[in-house]
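Results of the structural survey
Listed below, chain by chain, are the residues.
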Amino acid sequence: MSGQLKNPKNPFQLNPNWAQLREQLKSNGFQKQLSKPSETENPNSILGKRKSRSSDDSGDDRPNPLLPTSSDSSVTDVIAMDCEMVGVSSVGNRSALGRVTLVNKWGNVIYDEYVRPVERVVDFRTKISGIRPQHLKKAKDFRVVQKEVAELIKGKILVGHALRNDFKALLLGHQKQDIRDTSEYQHFLREGRSRALRNLATEVLGVEIQNGEHCPIEDARAAMMLYLKHRKEWEKSIKDFARLKEKQKKRKPKKKNRSFKNHDMDPPETGFFQ
């Protein structure tokens, strides 16, 4: 009986141990609770990073101005053009057309062709042009591309950067009054000098282009967006200049009548836009 009486008392004798264990559990629980803020800090810190990342990359949340603003792929009254060159001649130091791209005013591609030059390509200039030998294996003949481009740009306002280089490669010309060259527009000049398209795109459009191989689609879109952004004042400056030239043209015959000596020596007035 005494043993049976002792056994029931054992639990009561262990109470201090249970109490100590309970204290340990509490202390462990308390430490966990202390560790929970660090765990909760992690999600908070992650969220914080996400918030800071979204604020830092706020530019990424904005729509890319170079993306087409419409699904319309028709030939519009304004077209932007960009060309990529390859090297020909014995040492590859002479440029020849390797690719030509046209986009409409919405930024959609209306023409994009690799071109097989008349002369043998010595330098593909891949690091800049992005053109590789396989691109020209099934490329269109230069004369075909030249004709197709001429038909597309005829009578259109043509936008581009340093278009004189593209015209030279295409062996084409264009009406001067219909050319909108972002390398020559006064508003884009710095101290009277033209600036690189990539610099204008970064400063005016807030986008980076030409980081490595050039993309003529991207470059043509950048030129188009630069033009559209300043279209109103650009067109006004052209009209104002045309009016000024017209006034000068009308004044010249009067001067000829007054100056009898130089009447026969004055060259004929050809006008500004030829």
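Please refer to the structure placed before this passage.
Report on the accompanying structure. (Residues numbered from 1 in each chain as written. Predicted model: local features only at pLDDT ≥ 70, side-chain atom pairs only at ≥ 80, totals over all residues. Heavy atoms only, no water.)

Once that is clear, we can look at unusual backbone geometry. The phi torsion of most residues other than glycine is negative, and most of the peptide bonds are trans. Of note in the backbone geometry, leucine 171 takes a positive phi value of approximately 55° without being a glycine. Relative to the elements of secondary structure, leucine 171 occurs in the loop between helix 6 (163–170) and strand 6 (179–181). (Helix = DSSP H or I, 4+ residues; strand = E, 2+ residues; numbered from the N terminus.)

A few words on the sheet that holds strand 1 (residues 78–88). The strands making up a sheet are joined through hydrogen bonds of the backbone, oriented either antiparallel or parallel. Strand order across the open sheet formed by six strands is 4-3-2-1-5-6, with mixed pairing between neighbours. The open sheet has two edge strands with one neighbour each: strand 4 (140–141) and strand 6. Relative to strand 5 (residues 157–160), strand 1 is paired through three bridges, and the arrangement is parallel. What sits directly across from alanine 80, in strand 5, is valine 159. Its contacts with the sheet put helix 6 on strand 1, strand 2 (94–104), strand 5 and strand 6, and the angle it makes with strand 1 is roughly 65°. Helix 8 (residues 216–229) rests against strand 1, strand 2, strand 3 (109–116), strand 5 and strand 6 of the sheet, and its axis sits at about 140° to strand 1. (Pairing = 2+ DSSP bridges. Contact = heavy atoms within 4.5 Å. Axes fitted to C-alpha atoms, helices over the stretch in contact; angles between N-to-C directions.)

To continue, consider helix 5 (residues 142–153). If you check helix 5, its first and last C-alpha atoms are 16 Å apart, about what twelve residues at 1.5 Å a residue would give, namely 16 Å. Among the residues of helix 5, those classed as buried are Phe142, Val145, Gln146, Val149, Leu152 and Ile153. Angularly, the buried residues of helix 5 cover 135° about the axis, an arc narrow enough to put them on a single face. Away from the buried face of helix 5 by more than 90 degrees, exposed residues Arg143, Lys147 and Glu151 are located. The N-cap residue of helix 5 is aspartate 141: its side-chain oxygen and the backbone nitrogen of arginine 143 are 3.0 Å apart. Phi for glycine 155, located one or two positions after helix 5, is positive at around 75°. (Expected span 1.5 Å × (residues − 1). Buried < 20%, exposed > 50% of the residue type's maximum accessible area, 1.4 Å probe, protein only. Arc of directions from axis to C-beta. Polar contact = N/O pair within 3.5 Å; in protein donor to acceptor, adjacent residues only side chain to side chain.)

So, on to the pattern of salt bridges. Following the criterion strictly, the structure yields 13 salt bridges and no others. Glutamate 148 is the salt-bridge partner of lysine 140, the closest N and O atoms lying 3.1 Å from each other. Residue classification places glutamate 148 among the partly exposed residues on the basis of a relative accessible area of 24%. Close ionic contact of arginine 195 with glutamate 203 constitutes a salt bridge, the shortest N to O distance being 2.5 Å. You can call arginine 195 buried: its relative accessible area is 14%. Among the charged side chains, a network of salt bridges with common partners joins Asp77, Lys105 and Arg231. (Salt bridge = Lys/Arg side-chain N within 4 Å of Asp/Glu carboxyl O.)

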